[in-house]
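Breakdown of the fold
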Amino acid sequence: MGLLSYQLAYDAIEEWVLDRREDYSGRWQEIVPGEEWGYDSEAWEAAASRIVDNFNDRLPVGQEVDVPRAAKRNSRTTPLVDFQGYLAAKADAVNAAAVTRRMEG
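The sections below set out a description of the structure shown in this document. (Residues numbered from 1 in each chain as written. Predicted model: local features only at pLDDT ≥ 70, side-chain atom pairs only at ≥ 80, totals over all residues. Heavy atoms only, no water.)

**Overview of the overall build of the chain**
- Within the chain one finds five helices and zero strands.
- Across the chain, helices and strands are ordered from the amino to the carboxyl terminus as α-α-α-α-α.
- Computed over its C-alpha atoms, the radius of gyration of the chain comes to 14 Å, within 12% of the 13 Å expected for a compact globule of 105 residues.
- Split into buried and exposed, the 105 residues of the chain put 38% on the buried side.
- For the chain, the accessible area works out to roughly 5900 Å², and carbon and sulfur atoms hold 48% of it.
- The centroid of the 12 positive side-chain charges in the chain is displaced by 4 Å from the centroid of its 19 negative side-chain charges. (Helix = DSSP H or I, 4+ residues; strand = E, 2+ residues; numbered from the N terminus. Rg over C-alpha atoms; globule rule 2.2 N^0.38 Å. Buried < 20%, exposed > 50% of the residue type's maximum accessible area, 1.4 Å probe, protein only. Areas by Shrake-Rupley, 256 points an atom, 1.4 Å probe, with all protein chains shown as cover. Lys, Arg positive; Asp, Glu negative; His and termini not counted. Charge placed at Lys NZ, Arg CZ, Asp CG, Glu CD.)

Shown next, in the form of structure tokens:
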């Protein structure tokens, strides 16, 4: 999926931003949610879960990323662009595993 998964992750975060922080639409990449927006761990975990759900809704049928609680909480202290890259990498790994299974049957 490569660049597509990166774009899908962007779109998922952008959708969340439009719903919650509209004034940051298109310019959220360097935001650190815990610092700039004041999220505590629990509140950000819930927000990150919504972003992951948005992302999974965009992936091809049968593909879904599972994001551990720790990764959601850790994303609170890094720029959102890092969470975007993480989601894209997870999707690429899921896709690679699916392709490998089909080919190696």
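**Description of the side chain of K72**
- Relative to the helices and strands, K72 resides in helix α4 (residues 69-74).
- Summary of buried charges: K72 has no salt-bridge partner, and the nearest side chain of opposite charge, E45, is 5.4 Å away.
- Excluding its chain neighbours within four sequence positions, the residues that come into contact with K72 are W44, E45, A48, S49, V52 and V67. (Salt bridge = Lys/Arg side-chain N within 4 Å of Asp/Glu carboxyl O. Contact = heavy atoms within 4.5 Å.)

**Some words on the environment of P60**
- Examined against the element boundaries, P60 turns out to sit in the loop between α3 (41-58) and α4.
- Along the sequence, P60 and N95 sit 35 residues apart, while their C-alpha atoms lie 9.3 Å from each other.

**Let's talk about helix α1 (residues 3-20)**
- For α1, which comprises 18 residues, the first-to-last C-alpha distance of 26 Å matches the rise-based estimate of 26 Å (1.5 Å per residue) to within 8%.
- Listed in full, the buried residues belonging to α1 are S5, L8, A9, A12, I13, E14, W16 and V17.
- Lining the buried residues of α1 we find α3 and α5 (80-104). (Expected span 1.5 Å × (residues − 1).)

**Structural notes on the packing of α1 against α5**
- Packing of α1 against α5 leaves a shortest axis separation of 8 Å and a crossing angle of 130°. Comparing their axes, α5 and α1 come out oblique. Seen along the crossing, α1 lies across α5 with a hand that is right-handed. Only L80, V81, F83, Q84, G85, L87, A88, A91 and D92 of α5 make contact with α1, whose side of the interface consists of S5, Y6, A9, Y10 and I13.
- Looking at the contact of α1 with α5 residue by residue, the class counts come to ten nonpolar, three polar and one charged. (Axes fitted to C-alpha atoms, helices over the stretch in contact; angles between N-to-C directions. Parallel < 35°, antiparallel > 145°, perpendicular 65-115°, else oblique. Left-handed = near helix turned anticlockwise from the far one by under 90°. Nonpolar A, V, L, I, M, F, W, Y, C, P; charged D, E, K, R; others polar.)

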